[in-house]
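Single-letter residue listing:
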Amino acid sequence: MKAIACKESRAVKTSRVFPNDTNNHQTLFGGKLMSWIDDIASISAARHSRKSTVTASTDSVDFLHPITQSDSVCLESYVTYTGRTSMEVFVKVTAENLLSGERKIAATAFLTFVALDEQGRPVTIPSVLPETEEEMYLHRTAPERTKMRKERKKHSKELAAFMTTTKPWEA
């Protein structure tokens, strides 16, 4: 399989922040942003693999600056690294004050998606070819994130095995 350039999976979405998008602090509700992040990342994963994809994990969503009603929000995503059937997708969230023009990175996120065949089984995908400085940096640092992701999943499975499925109202 021929490697696919990061830019081939790039997706961009820009939205305004409206009053119904905000929380009690008058800033963008984190859950709303997380939904937008998963949505755009899924587009990048599908563009790279040209297969159906599912979210396997959200490694992190780091909220760096509050996003207000005077801001627009630009989400940019692309595949940064691939395994045999999985893809790491990076999402950069830029807030722009529409009155002053000031722009800042408001959040970053890493998600993992798995490509599926018609029967819903994981399928092999092409590798990724980084070209820009940002893409090369994210690609170069991905193996360490992959290692941490596998360790975190191991701990999550251990925790799940310890937890009870008893109905809380019957405890």
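Before reading on, note that the structure itself is shown above.
All figures in this text were calculated on a predicted structure; none of them were measured in a lab. (Residues numbered from 1 in each chain as written. Predicted model: local features only at pLDDT ≥ 70, side-chain atom pairs only at ≥ 80, totals over all residues. Heavy atoms only, no water.)

Q: Lay out the overall build of the protein chain with the relevant residues and their values.
A: Helix and strand counts for the protein chain come out as two helices and seven strands. For the protein chain, the α and β elements follow one another from N to C terminus as β-β-α-β-β-β-β-β-α. Expressed as lengths along the three principal axes of its C-alpha atoms, the size of the protein chain is roughly 55 × 45 × 30 Å. Relative to its 171 residues, the protein chain shows a buried fraction of 40%. If you take every contact in the protein chain between residues at least 6 apart in sequence, the share linking residues at least 24 apart comes to 74%. (Helix = DSSP H or I, 4+ residues; strand = E, 2+ residues; numbered from the N terminus. Buried < 20%, exposed > 50% of the residue type's maximum accessible area, 1.4 Å probe, protein only. Contact = heavy atoms within 4.5 Å.)

Q: Summarise the side chain of Lys92; cite the residues concerned and give the values.
A: In this fold, Lys92 is placed in strand β5 (residues 86–97). Given the relative accessible area of 17%, Lys92 is considered buried. Here the side chain of Lys92 touches Glu134 through a polar contact of 3.2 Å, side chain to side chain. Not counting residues up to four positions away in its chain, the partners in contact with Lys92 are Cys74, Leu75, Glu76, Ile105, Ala107 and Glu134. (Polar contact = N/O pair within 3.5 Å; in protein donor to acceptor, adjacent residues only side chain to side chain.)

Q: Report on the packing of aromatic side chains, specifying residues and quantitative values.
A: Using the criterion set out here, one finds two aromatic pairs in the structure. Centroid distance Phe90 to Phe110: 5.1 Å. Interplanar angle 45°. Geometry classified as tilted. In this pair, Phe90 sits in strand β5 while Phe110 sits in strand β6 (residues 103–116), placing the two residues 20 residues apart along the sequence. Here Phe90 and Phe110 have matching classes, each one buried. Stacked on the ring of Tyr78, the Lys or Arg Arg10 has its end atom at 4.4 Å from the ring centre. (Phe/Tyr/Trp six-rings, centres within 6.5 Å; stacked < 30°, edge-to-face > 60°. Lys NZ or Arg CZ within 6 Å of the ring centre and 35° of its normal.)

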